[in-house]
Amino acid sequence: MSSALLLADQSWVRSREEKTAYDEKLADRIRRAAKEHPAIREKKMFGGVAFMAGEHMFCGVQKNNLLVRVPPDQHESLLA
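Residues numbered from 1 in each chain as written. Predicted model: local features only at pLDDT ≥ 70, side-chain atom pairs only at ≥ 80, totals over all residues. Heavy atoms only, no water.

(A) Representation of the confidence of the model for the chain within the structure. The predicted model of the chain has a mean per-residue pLDDT of 80, with 75% of residues at 70 or higher. Of all secondary-structure elements in the chain, the lowest mean pLDDT belongs to strand 1 (residues 4–6), at 43, while helix 1 (residues 24–34) reaches the highest, 95. In this model, residues 1–18 is a region of pLDDT below 50 whose contacts with residues beyond four sequence positions or in other chains number 14 contacts. (pLDDT = per-residue confidence, 0-100. Helix = DSSP H or I, 4+ residues; strand = E, 2+ residues; numbered from the N terminus. Contact = heavy atoms within 4.5 Å.)

So, in structure tokens, the structure goes:
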């Protein structure tokens, strides 16, 4: 069931479930790659979506950005 709120200025605000604050196509690419790994789960957080292995986020999507967790000793080489 869909829900929405009509504001005084006549604009419509959709319910949180219907709003997408992140790139769904990018998230779908991750979902397809992750579906072969049953231990990976999806969790909405920080206005986007995170993909978790156990209790640790390993990547996510926020707005149009791909967030990837990497070991600190690899930061410089991966950004080069």
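Structure's up, so let's keep going.
(B) Structural context of unusual backbone geometry. With a phi close to 55°, F46 is a non-glycine residue in the positive phi region. Phi at K63 takes a positive value of approximately 55°, unusual for a residue other than glycine. Considering the arrangement of structural elements, one finds K63 in the loop between strand 5 (56–62) and strand 6 (65–68). Overall, the relative accessible area of 59% leaves K63 in the exposed class. (Buried < 20%, exposed > 50% of the residue type's maximum accessible area, 1.4 Å probe, protein only.)

(C) Region of interest: the nonpolar core. Ranked by size, the top nonpolar core spans eight residues in total: Y22, L26, A27, I30, V49, F51, C59 and V61. Put simply, the parts of the chain that give this core at least two residues each are helix 1, strand 4 (48–53) and strand 5. When residues of this core are assigned to their parent elements, the largest contribution, three residues, is made by helix 1. Excluding residues within four positions of it along the chain, I30 makes contact with F51, C59, V61 and L66. (Core = buried A, V, L, I, M, F, W, Y, C linked by side-chain atoms within 4.5 Å.)

(D) A look at the environment of V49. By secondary structure assignment, the location of V49 is in strand 4. You can call V49 buried: its relative accessible area is 2%. In this structure, the C-alpha to C-alpha distance between V49 and D23, residues 26 residues apart in sequence, is 9.4 Å. Beyond its immediate sequence surroundings of up to four residues, V49 is in contact with Y22, A27, E42, K43, K44, G60 and V61.

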